[in-house]
Structure formats: structure tokens, C-alpha cells
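# Summary of the model geometry
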Amino acid sequence: MNNFVVRGIRAAEWESVKAFRLMALRDPAAPLAFVETYEDAAERPDSFWQDRASGSGEKGLGARQFVAEADGGEWVGSVTVLVEEAGSVDWAGYPVERRQGHVVGVYVRPEWRGGRVTRELFEAGVEWAWKTGLERVRLLVHERNLRAQGAYRKVGFVPSGVTVPVGEGLGAFSGEKEREFVLERGTASDR
């Protein structure tokens, strides 16, 4: 299980984008990791997935999705970087002060965790962010998702001290927080 390549998705791969997202939402950690349920995602029309793949594919300017593809074409991991423009408001309603990347949709199949997949996905996403002129890259992780926090630290992200309430619609986690982790451009971990 060592042979894979990391690459950006193509707009025509919307069915694979949909299938991989639905698989990720069935993972036992999904309620802590994603602000969307399997049921909600499964109900979305094909046009949603087509737009998502087009917007984060090779010609997308506001987002880029990267996948780790094993021999034979099976997707084993994914990460998406969204561009947040200074002066805008983020998904949680907070002002965005700097032009930055926001990492979302991080998922690696269980049998591929603990190796190079996560690191190489993040390297591709961060490299794209810097080429796009972003000043920093951030992500949000549930305060109880310690496995993910450890993985993000290993790839160079550090807690910023900022917390936000867990996304709406996740009633079971009402009152809980997500922690912001950041990678600043020009830091030692900026490879």
C-alpha cells in the first residue's frame, strides 16, 4: 500500500468526487470531522457534485481538491483548499482579515492512514496555496478529534488559539468548539 500519486482532480471526475465524499461521511469519525451528514450529501443532485468538481478542478480559481490515487485508480485520500479573500466573511460568519486558504474535506481511508498520504496531500494543497498568493493556510478541527489534531501538527500546522462553535445542524455537538490550526507562509514548516 505504498504506491500512490497525489494530483488535482479534473472537473469530469464529479462522480468520483461524490462517491469519495459519501464514503468519507460513513467513517465512524465523520460526525467530529465534517459539518455535513451522509444523508444530506446523498440527497444532493448531480448538478451539485458537477459544480463542486468544476469549481475545485484544474480550472478552479477559488478552490482546489487534491486526491491520493493508488495504483489501479482507487482514491485513498483527499484534501481541498478553499480561497478566503480578505474582507469577506467565512462560513461561520467571522470576518476574514487576510487572504488565506482554508483546508476542508480531509479524509484518508483507514488502511492508508499513518503513512505518507496525509503529508503528501497537505504538501500539494499548501504548495497550491502559496502559488495562488495566499498569506497563510488554516483549518478547523473539533476539539475532541485528537487523531486529526495530531496529524495536522505532523504536517506543520499549529493551534492559533482561535476557537469557533461547532457548525450548525450538528445538534449532538451543541456547545462544543472547533480549534483553528494555521500554517503561516514563510515559517520553518512551510516546505
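The structure this text deals with has already been given above.
So, a few notes on the structure that sits alongside this text. (Residues numbered from 1 in each chain as written. Predicted model: local features only at pLDDT ≥ 70, side-chain atom pairs only at ≥ 80, totals over all residues. Heavy atoms only, no water.)

### Looking at the pairing of strand β7 (residues 177-184)
- Where strand β5 (residues 136-142) meets β7, seven bridges bridge the pair, whose relative direction is antiparallel. Note that in β7 the partner of Val 141 across the bridge is Arg 179.
- In terms of strand pairing, strand β6 (residues 158-165) meets β7 through five bridges, oriented antiparallel. The partner of Thr 163 across the bridge, within β7, is Arg 179. (Pairing = 2+ DSSP bridges. Helix = DSSP H or I, 4+ residues; strand = E, 2+ residues; numbered from the N terminus.)

### A word on the environment of Val 83
- Within the secondary structure, Val 83 is located in strand β3 (residues 75-84).
- We classify Val 83 as buried; its relative accessible area is 17%.
- Counting along the chain gives 46 residues from Val 83 to Ala 129, while the straight-line C-alpha distance between them is 8.1 Å.
- In this view, Val 83 contacts Leu 61, Gly 62, Arg 99, Gln 100, Trp 128, Thr 132 and Leu 134; residues no more than four positions away in its chain are not counted. (Buried < 20%, exposed > 50% of the residue type's maximum accessible area, 1.4 Å probe, protein only. Contact = heavy atoms within 4.5 Å.)

### Considerations on the pattern of salt bridges
- Counted by the stated rule, this structure contains 21 salt bridges.
- With a shortest N-O distance of 3.4 Å, Lys 18 and Asp 46 are connected by a salt bridge. Here the residue Lys 18 occupies a position in helix α1 (residues 14-24), and Asp 46 occupies one in helix α4 (residues 46-55), the gap between them amounting to 28 residues.
- Since its relative accessible area comes to 38%, Asp 46 is described here as partly exposed. (Salt bridge = Lys/Arg side-chain N within 4 Å of Asp/Glu carboxyl O.)

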